[in-house]
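Survey of secondary and tertiary structure
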Amino acid sequence: MDTFDAVYRVYFQDVYRYLIKLTGDQALAEDLTSETFLKAMNAFGRFRGDCDVRVWLCQIAKRCYYSELRRRKESVSLEDLPEPNADEDPEGGALTTDEAERAYALLHRMAEPYKEVFLLRALGELSFRQIGALFGKSENWACVTYHRARRKLQAQLEEST
C-alpha cells in the first residue's frame, strides 16, 4: 500500500472492531481508533513492512488503549467488561452468565503473555501468525501460548465450580 489513505480505507474497520473487542466501549473505541490512525499517519514513513499492516496498526491501537488506561489510572473491573455474546462464543454459547463472570475474573488475573494472546485470539479475532508478529515470535509460539492459556482458564473454571 503506497498511500496512507489506502491503508486507512482498508484497515479502519479492522482496527475499530479490534478496539471494540478490547475496550467493550464504543465511544472509547472510536476515540482510540482515531488516535491510532493519527499515530500511524505520523509514523507511516518509518513503517518497514516487517509485519502485516493490520498487525502494525493493532500494535499501535493496543498501545493507545494501554496509555488510556494508565492515563485514567483505572483497572478493569468485572462490571466494565462487556457481556459475552453467545453468537461469538466458539463453543456455541455454552457459558452461563456466572461462568462468564468467573472466566473474565480469572482471565483478568492470568499472567502475561497468556492473557493477551488469549484476548487477541478470542476477542480480537487475530490469526496466530498476526499474534506471533505482534510479540516478535513465531506463529507456532502464538498457537501454543493460546492453547495453554485456554487450558489454564478451563482448569481454573472447573476448580472454581
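It should be emphasised that the depicted structure is a prediction, and the values quoted were computed from it without experimental measurement. (Residues numbered from 1 in each chain as written. Predicted model: local features only at pLDDT ≥ 70, side-chain atom pairs only at ≥ 80, totals over all residues. Heavy atoms only, no water.)

**Some thoughts on helix α7 (residues 139–159)**
The end-to-end C-alpha distance of α7, which contains 21 residues, comes to 30 Å, matching closely the 30 Å that a straight helix rising 1.5 Å per residue would cover. Buried within α7 we find A142, T145, Y146, A149, L153 and L157. Taken end-on, α7 shows its buried residues confined to a sector of 105 degrees, consistent with a single buried face. Summarising the geometry of α7, the exposed residues directed more than 90 degrees from the buried face are N140, R151, E158 and E159. (Helix = DSSP H or I, 4+ residues; strand = E, 2+ residues; numbered from the N terminus. Expected span 1.5 Å × (residues − 1). Buried < 20%, exposed > 50% of the residue type's maximum accessible area, 1.4 Å probe, protein only. Arc of directions from axis to C-beta.)

**Regarding the side chain of Q59**
When you line up the elements, Q59 lands in helix α3 (residues 53–72). Residue class for Q59 comes out buried when judged on its relative accessible area of 12%. In contact with Q59, not counting residues within four places along its chain, are C51, A133 and L134. (Contact = heavy atoms within 4.5 Å.)

**Some thoughts on the pattern of salt bridges**
Using the criterion set out here, one finds four salt bridges in the structure. The residue E35 makes a salt bridge to K39 at a minimum N-O spacing of 3.4 Å. Placement of the pair is E35 and K39 together in helix α2 (residues 26–43), with a separation of four residues, close to one helical turn. Note on E35: relative accessible area 27%, which makes it partly exposed. The exposure class assigned to K39 is partly exposed, which follows from its relative accessible area of 40%. With a shortest N-O distance of 2.8 Å, K62 and E116 are connected by a salt bridge. Highlighted residues: K62 in helix α3 and E116 in helix α5 (residues 114–122), separated in sequence by 54 residues. Neither residue differs from the other here; K62 and E116 are each classed as buried. Among the charged side chains, a salt-bridge network with shared partners connects D14, R17 and R54. (Salt bridge = Lys/Arg side-chain N within 4 Å of Asp/Glu carboxyl O.)

Any functional reading would require information that these geometric values do not contain.
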